[in-house]
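Spelled out, the chains give:
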Amino acid sequence: MAQELFRMVCVPAALEGAPDGWALELLRNGDVALLADGSGLAGVNAVAHALDLVTVPVVRAEETAERQDETVIAHAGSLPLVWLGASFSDRVRAWARDRGPMTLLVEVDGALPDAERRRIERFVALLGRQTE
């Protein structure tokens, strides 16, 4: 297995509609943890199949948006992070801007548009070049 260069956190719906193999190629040097959404286990299962994984990490659900943000932040640890969400608080934006590892916040509610997929690809490519 390749060295983990980054983490990605998103709801399963964010990966729907991506070209075949896109997420698998993107996550070649990273890992994904899913946030629960309305798709439930079916959404998690679809992502697992798309990534050819037997298991998929799921970020625990919290009672408030603020606590959910803190849980994702804790999951990021010291690795760069790609975080896909419907919106981000000022606290999360400040954390992303001020932390040492690179962080990409992508506001998306549902499937990723092509422009956002390309933006994520550029971010991950930049991370890869930094390790060469």
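To be clear, the structure that these remarks concern was listed above.
A brief look at the structure comes next. Throughout this description, residue numbers start from 1 for each chain and increase along the sequence as written. At least 70 in pLDDT is required for a residue's local features to be given in this predicted model, at least 80 for side-chain atom pairs to be given and counted, and no such filter applies to totals for whole chains, interfaces and linings, which use all residues. Hydrogens are left out, water is left out, and the side-chain values use all remaining heavy atoms of the structure.

1. Some points on the environment of L81
Point 1. Secondary structure elements follow DSSP: runs of H or I of four or more residues count as helices, runs of E of two or more count as strands, with numbering from the N terminus. Looking at where L81 falls in the secondary structure, it is placed in strand β3 (residues 81-85).
Point 2. Per-residue accessibility, obtained with a 1.4 Å probe over protein chains only, is compared with the maximum for each type, and a residue is labelled buried under 20%, exposed over 50%, and partly exposed between these values. Residue classification places L81 among the buried residues on the basis of a relative accessible area of 0%.
Point 3. Two residues form a contact once any of their heavy atoms are found within 4.5 Å. Those residues in contact with L81, other than ones at most four positions away along the chain, are R7, M8, V9, V72, A76, W95, R99, M102, T103, L104 and F123.

2. As for helix α4 (residues 90-98)
Point 1. Of all the residues in α4, the buried ones are V92, W95 and A96. The arc that holds the buried residues of α4, viewed along the axis, is 95 degrees, so those residues lie on one side. Opposite its buried face, α4 presents the exposed residues D90, R97 and D98, each directed more than 90 degrees away.
Point 2. Against α3 (65-76), β3 and β4 (103-107) lie the buried residues of α4. Note that the arc is computed from the directions linking the helix axis to the C-beta atoms.

3. Brief notes about unusual backbone geometry
Most of the time, phi is negative for any residue but glycine, and the peptide bond is trans.
Point 1. The phi dihedral of D52 falls on the positive side, at around 55 degrees, and the residue is not glycine.
Point 2. The topology assignment puts D52 in the loop between α2 (40-50) and α3.

4. Brief notes about the packing of α3 against α4
Point 1. Angular values range over 0 to 180 degrees, each being the angle between N-to-C directions of two axes fitted as lines to C-alpha atoms, with helices fitted over their stretch in contact. The interhelical angle for the contact between α3 and α4, taken along N-to-C directions, is 15 degrees, at an axis separation of 11 Å. Judged by the angle between their axes, α3 and α4 are roughly parallel. When you trace α3 past α4, the crossing you get is right-handed. Contact residues: α3 offers D69, E70, I73 and A76, while α4 offers R91, V92 and W95. Each angle gets one of four labels, with under 35 degrees taken as roughly parallel, over 145 as roughly antiparallel, 65 to 115 as roughly perpendicular, and the rest as oblique. Crossing handedness follows the turn of the near helix against the far one: under a right angle anticlockwise gives a left-handed crossing, and clockwise gives a right-handed one.

5. A closer look at the packing of aromatic side chains
Point 1. Ring geometry is summarised as follows: Phe, Tyr and Trp rings, the Trp one being its six-membered ring, pair when their centres sit within 6.5 Å, and such pairs are stacked at plane angles under 30 degrees, edge-to-face over 60 and tilted between the two. Scanning the entire structure with this criterion turns up two aromatic pairs.
Point 2. Judged by centre distance (5.3 Å) and plane angle (80 degrees), the ring pair of W83 and F88 falls under edge-to-face.
Point 3. Judged by relative accessible area, which is 3%, W83 ranks as buried.
Point 4. Since its relative accessible area comes to 9%, F88 is described here as buried.

6. Section: the side chain of R117
Point 1. Topologically, R117 is positioned in helix α5 (residues 114-130).
Point 2. Pairs of N or O atoms within 3.5 Å make up the polar contacts considered here, provided that, within protein, one atom can donate a hydrogen while the other can accept it, and that residues adjacent in sequence are counted only when both atoms are side-chain atoms. Polar side-chain contacts of R117 include one of 2.7 Å to the backbone oxygen of L112.
Point 3. Contacts of R117, omitting those with residues within four sequence positions, involve G17, A18, P19, W22 and L112.

Fair warning: the whole summary comes from geometry, so function is off the table for now.
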